[in-house]
Amino acid sequence: MSRASENLAVLGLQWGDEGKGKLVDLLAPRYRHVVRFQGGNNAGHTVVVDGQSIALHQVPSGALHPGCFLVVGSGVVLNLDVFHVELSRLRERGIEVTDRLLLSDKAHVILPHHIALDIWREERAHKVGAKIGTTGRGIGPAYEMKAARMGVRLGDLKHLEVLADRIRPGYDEVRLRLGPDLGTGADLPSIEAIVENLLKAVEPLLHCIGNTQSRLQEAWTKGEQILFEGAQATMLDLDHGTYPFVTSSNCSLGGLFTGTGLPPKALHRVLGVAKAYTTRVGAGPMVSELTNELGDRIREAGHEYGTTTGRPRRCGWFDAPITAHACRTNGVDGLAIMKLDVLDGLDQVGLVVGYRDGNGNLTSELPSCAAEWADLKPEIKMFKGWSVPTRGITHHQQLPAEAQGYLDAVAEAVEMPIAYVSTGPDRAEGCLYPGTFLESLMS
Ligand code: IMP
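Within each chain, residues carry numbers counting from 1 in the order of the written sequence. Confidence filtering applies because this is a predicted model: local features only for residues at pLDDT of at least 70, side-chain atom pairs given and counted only at 80 or more, and all residues used for totals across whole chains, interfaces and linings. Note that water and hydrogens are dropped before the side-chain values are worked out from all heavy atoms of the structure.

1. Observations concerning the domain arrangement of the chain
Stage number 1. By domain assignment, the chain separates into domain 1 (8–105 + 209–269), domain 2 (109–203) and domain 3 (274–436).
Stage number 2. Note on contacts: a residue pair is in contact if any heavy atoms of the two residues lie within 4.5 Å. Contact residues are listed per partner, giving 24 residues for domain 1 and 21 residues for domain 2.
Stage number 3. Summed over both partners, the accessible area (1.4 Å probe) lost when two parts come together is defined as the buried area. When residues of domain 1 are sorted by the area they lose upon contact with domain 2, V77, L80 and I209 head the list and together hold 31% of the total.
Stage number 4. Salt bridges are defined as contacts in which a side-chain nitrogen from Lys or Arg sits within 4 Å of a carboxyl oxygen from Asp or Glu. Across the contact surface, domain 1 and domain 2 share zero salt bridges.
Stage number 5. Definition of a polar contact: a pair of N or O atoms within 3.5 Å, with one able to donate and the other able to accept a hydrogen when the atoms are protein atoms, and with sequence-neighbouring residues admitted only if both atoms are side-chain atoms. At the boundary of domain 1 with domain 2, the tally comes to six residue pairs in polar contact (both at pLDDT 80 or more).
Stage number 6. To qualify as a helix, a DSSP run of H or I must reach at least 4 residues; to qualify as a strand, a run of E must reach at least 2; elements of each kind are numbered from the N terminus. Elements represented by at least two residues in the side of domain 1 that touches domain 2 include exactly strand 6 (77–78), helix 2 (80–92) and strand 7 (101–104).
Stage number 7. At three residues, the largest contribution of residues to the side of domain 1 that touches domain 2 is made by helix 2.
Stage number 8. Lys, Arg, Asp and Glu make up the charged group, whereas Ala, Val, Leu, Ile, Met, Phe, Trp, Tyr, Cys and Pro make up the nonpolar group; the residues left over, Gly among them, are polar. A class-by-class count of the residues in the side of domain 1 that touches domain 2 yields nine nonpolar, 13 polar and two charged. The domain boundaries here were taken from an automatic or database domain assignment.

2. Observations concerning unusual backbone geometry
Stage number 1. Between Y243 and the following residue, P244, the backbone shows a cis peptide bond with an omega angle of 5°.
Stage number 2. One can find P244 in the loop between strand 10 (226–229) and helix 8 (253–258).
Stage number 3. The phi angle at Q232 is positive, at roughly 55°, despite the residue not being glycine.
Stage number 4. Within the secondary structure, Q232 sits in the loop between strand 10 and helix 8.

3. Digging into the pattern of salt bridges
Stage number 1. Following the criterion strictly, the structure yields 19 salt bridges and no others.
Stage number 2. Notably, a salt bridge pairs D25 with R427, separated by 2.6 Å at the nearest N-O pair. With a gap of 402 residues between them, D25 in helix 1 (residues 20–27) and R427 in the loop between strand 19 (418–422) and strand 20 (430–432) connect regions that are remote in the sequence.
Stage number 3. Exposure classes here rest on a 1.4 Å probe applied to the protein chains alone. A residue is buried below 20% of its type maximum, exposed above 50%, and partly exposed in between. Its relative accessible area of 26% is what places R427 among the partly exposed residues.
Stage number 4. Put simply, K275 and E304 hold a salt bridge, and the shortest N to O gap is 2.8 Å. One end of the pair, K275, is in strand 11 (residues 269–275); the other, E304, is in the loop between helix 9 (293–301) and strand 13 (314–316), with 29 residues separating them in the sequence.
Stage number 5. Its relative accessible area of 0% is what places E304 among the buried residues.
Stage number 6. When salt bridges that share partners are traced, they join D17, K275, E304, R313 and K339 into one network.

What follows is the structure, encoded as structure tokens:
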């Protein structure tokens, strides 16, 4: 198989769980490097091979391809214990990655007090109805500590003499905040125990920790192909999503550059990934949500339960305004529409083409405040469904005419050409669109 000629980013255009893992796995054999640049083990990227699914949280989804070098950039926050679980699950399948893996020495480590703070805060917020619905993995606090300059980087783990001192400021602040709740269900290990566990966890990985920026700069200069794997998605982006119901990293394009140390020139193409409908986990605005039997049907047909937390996902029709916003934010070159087959058999399929505000005016502008989102109602265009199943179709001309019509309307509403349509979870199930950048990149 020939290598791709351009560096590519695969980014989510909705609220995550679009199926980026499948695409990265599909594209990876064409690339020398597969890079994660933000997020942590809040992500769950599922890769299905021969009917068997593998959930990856922090290991880049190129893991299954022995020719891919895996890079975890400085913008990622890493839970080392979870990382080891992932490595051993891969090993059980005969896949060893530690001989082709580089973790940035600048990536921050998720510590027990980050997780405790995340859970404690969500429990308190729940009592006043202000829960974000985080994954409870300590992601927000790990990024907060990074910004507050109280974080611990992977590189710090090589310096035992200062490690406890690096951990202490953040640890003490969390103890202060949790105060009276400590010991009543919420408790923290001692700093000594945290240090001991970190050293044990990092020891087998020491040879994998280093300067990922140099490695990637060198790869770029030498013309080695790089595939960037986004985690979460634009609507969960700290700046460009539905704040405050977002994650704590920049999941859109800007995060790629800060999270790798590569300049924009090193990236040639952006593939935007969206499901043929919309899902979201956790709280926050979702104008397209279907809180009826149709929503339940999509959830069951699409197995829309979180890869990381198992929570049922909220389901709704494809939301063109959010997806168009995400395309603009990321400079997307083409769309990958995933899980089309989940809509098989519906009498009608809806497409949210705009929003009606409180005065009945039609808009496709996204508000900046959650309070303004609450006023919006979806403007839905209905399409005739298709009775012929799309599952497993590999040529877009074989898609039923109604499905093709629906996809054309999606592309028109988002103002973006479709480059790929996925028709099932397996690598083989999907159609590459002729004449698109993705086709020439894959040829
Ligand atoms: P956090 O990233 O755990 O802080 O969670 C913040 C919000 O992002 C919550 O609504 C989560 O459900 C959501 N979230 C975080 N990671 C993912 C993901 O990989 N897929 C879908 N939603 C996510």
